[in-house]
Structures are given as C-alpha cells and as structure tokens.
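A structural walkthrough
Listed below are the residues making up each chain.
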Amino acid sequence: MAELIPVNIVIADRSYRLRIEAADEEMVRKTANLINDKITEFRNNLAGKDMQDYVAMVLLWFATEQNQSGIELVKWQEAADKLSSLERQLDKALEESQ
C-alpha cells in the first residue's frame, strides 16, 4: 500500500485536511480548484444564494458532467463493437471469395 500524505484542501471557503496517496495529489488539487471555480461562477450568475446552494449546484453540475462522460463512453463502445462486427463480416466475405 502506498504511503499517504497529508494535504489541506479548501473548498467553498472551508479547509479540509485529507490523507491521500502522493500520486493523487495533483488530481485532488485540480479537482478542488475546478469546484471552487464553479462555485465562483454560480456565485456571479446567481446572486442571493448561500454557500450551501452553490455547493449543491456544483455537485449537480459535476454529477451531470460525469453522466455525460459515461454516455459518451457507451456510445464509443457501441461504435467499436459495430466496427468489430463489420470487420469480421468483411474477413469472412474475403475468405469465401478466395
């Protein structure tokens, strides 16, 4: 098991102390920055809300983004499966013609 390192991450003006693998530090920090950037974006576009509302909106945005990525992955997999099937049909037709 890899050694865990302590890091402080600030999200929505709150500090969180985490213990993560060193290899994951950059990804965790970039993700925290993305979350904070989205919070700022929602703050600028939707005045009068509290921080919990902004965090909830970012959570919904993030979950939706992940879902879209999953849908795209499925579409690519379906296309790859169809191409493989077409390739097998072509190979079979070429074998029969020889």
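Note that this is a predicted model, so its numbers are computed, not measured.

Observations concerning the overall build of the protein chain
- For the protein chain, the helix and strand inventory stands at two helices and two strands.
- The 98 residues of the protein chain split such that 11% are buried.
- Carbon and sulfur atoms form 54% of the exposed surface of the protein chain, whose accessible area is close to 8100 Å².

Let's talk about unusual backbone geometry
- Positive phi outside glycine occurs at A12, with the angle close to 55°.
- Within the fold, A12 resides in the loop between β1 (4–11) and β2 (14–21).
- Look at A12 and you get buried, because its relative accessible area is 10%.

Focus: the pairing of β2
- Judged from the eight bridges that link them, β1 and β2 form a sheet pairing that is antiparallel. Paired with N8 across the strands is R17, a residue of β2.
- Connecting the antiparallel pair β1 and β2 is a turn made up of two residues, with A12 showing a positive phi of about 55°.

Reading guide: rules and limits
- Residues numbered from 1 in each chain as written.
- Predicted model: local features only at pLDDT ≥ 70, side-chain atom pairs only at ≥ 80, totals over all residues.
- Heavy atoms only, no water.
- Helix = DSSP H or I, 4+ residues; strand = E, 2+ residues; numbered from the N terminus.
- Buried < 20%, exposed > 50% of the residue type's maximum accessible area, 1.4 Å probe, protein only.
- Areas by Shrake-Rupley, 256 points an atom, 1.4 Å probe, with all protein chains shown as cover.
- Pairing = 2+ DSSP bridges.

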